[in-house]
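The chain contents come next:
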Amino acid sequence: MKTERNHLLVYILTLGVFGILNTEMGVIGILPLIADHYQVSISTAGLIVSLFALAVAVSGPILPLLFSGMNRKKVMLLVLGIFIAGNLVSAFTSNFTVLLIARVVPAFFHPVYVSLAFTVAAASVGKEVASKAVAKVFVGVSAGMVLGVPVSSMIATASSLAHAMLFFAAVTTVAFVATLLFVPSMPVAERLSYGTQLRVLRRSMTWLSIAGVIFMNGAVFGVYSYLAEYLKTVTNYTWNTISLMLFVYGAANIVGNMIAGKLLANHALRTVMSYPIAMLAVYIMLFIMGQFSVPMAFIILMWGILGGIGGNITQYWIVSAAPEAPEFANGIFLTSANLGTTIGAAVGGLFISGISTQYVVLGGILFLILSIATIYPRISMSGRLKNAGRLEDANVAG
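Not measured: the values here are computed from a predicted model. (Residues numbered from 1 in each chain as written. Predicted model: local features only at pLDDT ≥ 70, side-chain atom pairs only at ≥ 80, totals over all residues. Heavy atoms only, no water.)

1. Considering the overall build of the protein chain
When helices and strands are tallied, the protein chain shows 17 helices and 0 strands. Burial status across the protein chain gives 51% buried among its 398 residues. Here the analysis covers contacts within the protein chain between residues at least 6 apart in sequence; of these, 84% occur between residues at least 24 apart. Accessible surface, the protein chain as shown: approximately 17,200 Å² in total, 70% of it carbon and sulfur. (Helix = DSSP H or I, 4+ residues; strand = E, 2+ residues; numbered from the N terminus. Buried < 20%, exposed > 50% of the residue type's maximum accessible area, 1.4 Å probe, protein only. Contact = heavy atoms within 4.5 Å. Areas by Shrake-Rupley, 256 points an atom, 1.4 Å probe, with all protein chains shown as cover.)

2. Examining the packing of aromatic side chains
Following the criterion strictly, the structure yields 10 aromatic pairs and no others. For the pair Phe167 and Phe168, a centre-to-centre distance of 6.1 Å together with 55° between the ring planes defines the contact as tilted. Residue Phe168 is classed as buried on the basis of its relative accessible area, which comes to 0%. An angle of 20° between the planes, with centres 4.4 Å apart, marks the rings of Tyr224 and Tyr249 as stacked. Of this pair, Tyr224 sits in helix α11 (residues 204-224) while Tyr249 sits in helix α13 (residues 239-266); the two residues are 25 residues apart in sequence, bridging distant segments of the chain. Assessed through its relative accessible area of 24%, Tyr224 is described here as partly exposed. (Phe/Tyr/Trp six-rings, centres within 6.5 Å; stacked < 30°, edge-to-face > 60°.)

3. Quick word on the nonpolar core
Leu13, Tyr113, Tyr283, Leu286 and Trp303 are the most contacted members of the largest nonpolar core, which has 93 residues in total. No other element matches the 11 residues that helix α7 (residues 96-123) contributes to this core. Not counting residues up to four positions away in its chain, the partners in contact with Leu13 are Met76, Tyr113, Ala117, Val120, Ala121 and Val137. (Core = buried A, V, L, I, M, F, W, Y, C linked by side-chain atoms within 4.5 Å.)

4. Some details on the environment of Ser225
Positionally, Ser225 belongs in the loop between α11 and α12 (227-233). Using a relative accessible area of 40% as the deciding quantity, one classes Ser225 as partly exposed. Considered as a pair, Ser225 and Gly348 are 123 residues apart in the sequence and their alpha carbons are 8.3 Å apart.

5. Topic: the packing of helix α6 (residues 72-92) against helix α9 (residues 161-182)
Relative to each other, α6 and α9 sit at 165°, their axes nearing to 8 Å. Taken as axis vectors, α6 and α9 run roughly antiparallel relative to one another. Judged by the sense of rotation from one axis to the other, the crossing of α6 with α9 is left-handed. Residues Lys73, Met76, Leu77, Leu80, Gly81, Phe83, Ile84, Asn87, Leu88, Ser90, Ala91 and Phe92 of α6 form the contact with α9, whose own contacting residues are Ala162, Met165, Leu166, Phe168, Ala169, Thr172, Thr173, Ala175, Phe176, Thr179 and Leu180. For the contact of α6 with α9, the class distribution of residues is 16 nonpolar, 6 polar and 1 charged. (Axes fitted to C-alpha atoms, helices over the stretch in contact; angles between N-to-C directions. Parallel < 35°, antiparallel > 145°, perpendicular 65-115°, else oblique. Left-handed = near helix turned anticlockwise from the far one by under 90°. Nonpolar A, V, L, I, M, F, W, Y, C, P; charged D, E, K, R; others polar.)

6. A short note on the environment of Ala297
For Ala297, the location among the structural elements is in helix α15 (residues 293-319). Each residue touching Ala297, except ones within four places of it in the same chain, is listed here: Tyr237 and Met245.

7. Quick notes on unusual backbone geometry
The phi dihedral of Gln39 falls on the positive side, at around 55°, and the residue is not glycine. By the element assignment, Gln39 lies in the loop between α2 (31-37) and α3 (42-45). Positive phi, close to 60°, is recorded for Asn236, a residue that is not glycine. Summarising the element assignment, Asn236 is placed in the loop between α12 and α13.

8. As for the packing of helix α14 (residues 268-289) against α15
The interhelical angle for the contact between α14 and α15, taken along N-to-C directions, is 150°, at an axis separation of 10 Å. Compared by their axis directions, α14 and α15 come out roughly antiparallel. In the crossing of α14 with α15, the sense of the turn from one axis to the other is left-handed. Here Ala268, Leu269, Thr271, Val272, Tyr275, Ala278, Met279, Val282, Tyr283, Met285, Leu286 and Met289 of α14 come into contact with α15, specifically with Pro295, Met296, Ile299, Met302, Trp303, Leu306, Ile309, Gly310, Ile313, Tyr316 and Trp317.

9. So, a nonpolar patch on the surface
Taken together, the side chains of Leu8, Val177, Leu180, Leu181 and Phe182 make up a nonpolar region of the molecular surface, amounting to roughly 460 Å² of accessible area. Sorting elements by how many residues they give to the nonpolar patch places α9 first, with 4 residues. Along the polypeptide, Leu180 turns up in helix α9. (Patch = residues over 30% accessible without salt bridge, like charges linked within 9 Å, V, L, I, M, F, W, Y side chains within 5 Å. Salt bridge = Lys/Arg side-chain N within 4 Å of Asp/Glu carboxyl O.)

10. Focus: the side chain of Thr172
Within the secondary structure layout, Thr172 lies in helix α9. Of the residues examined, Thr172 reaches a relative accessible area of 0% and is grouped as buried. Separated by 2.9 Å, the side chain of Thr172 and the backbone oxygen of Phe168 make a polar contact. Once you skip the residues sitting within four places of it in the chain, Thr172 turns out to touch Gly19, Thr23, Leu80, Phe83, Ile84 and Asn87. (Polar contact = N/O pair within 3.5 Å; in protein donor to acceptor, adjacent residues only side chain to side chain.)

11. What to know about the side chain of Asn71
Mapped onto the secondary structure, Asn71 falls in the loop between α5 (63-66) and α6. Residue contacts for Asn71: discarding those within four places in its chain leaves Ser185, Met186 and Pro187.

12. Points about the environment of Pro323
Its location among the elements puts Pro323 in the loop between α15 and α16 (326-354). Judged by relative accessible area, which is 56%, Pro323 ranks as exposed.

Right, here's the structure in full:
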């Protein structure tokens, strides 16, 4: 009975994360419609995406820390309620500034729910399968990115912009009701002081993990951000085929999430060490065969699976460096991941403008090499700490 309740909890958390990511990413598919509706330029309309991401990056290490002592069910309901309200205001406002505010305010609470979802999912099962529970929550992240864009675009085109925004609100409302009815009260049994949580920032291992996440995420999203442009100018796909390939990448991402849970549960360090090497192989194939349409489809499939695995690896990499402060660590992860995405996209843009679209892959390769430079020292440091711990235990026993 308890096992079934824990499984239900993980599925509700996955739905909540899907609703929040859907709100964040779904508007990408309707940006031109937003620009037309509010009579603003496409770059101005893009602020509702970039400012959302900036708010997430800023609040990542702060708000999860502030909410870490509160009843977790109440925090979940609060954040989901804020997102529902933001989406309802977005659906009915005729003022772009109000739309911007309705988007940015909930964004500050994004890391609170998502970091809590990872923490609660891991805590709801045994330590040996915690990675699998977190991987299921990551499916919500991938699904929000994969389904949010085409579904919102389809609704807005078939009906109206307001109905697309109401779709975001509807998904989050279902998560709110499910949380209210089926999630038990979760008071924090032992509240960690802010000082105890912040102390993890004094460790070299934490900072190596943060750098590793920035570089690994930069490697993926620095290239993925320009995938549509790459497929159009280098592979010469039609727009219909490009849409299909973007969906293939996203679906493969979900598969990667599920594979990652098993890999991290059984072979965590080996998985982390192998990941940048595997991505390097895919990027080299992408660079060499990017102009060939059939090989490109298989490359996108492999790339999508690795991208899904990478998301789980980056979350594990930071939380395993600070296991005593999981919510704060997850907040740091979200900030690091967003910084990696922002920096990676900027560097990828420089390669495109400086050379050509085909060479955006070199930006990804550069970030992978930098990630390797942080992963191996971090693993070595972790090994030394474990050996020191065993030596200390032996001395105590003696």
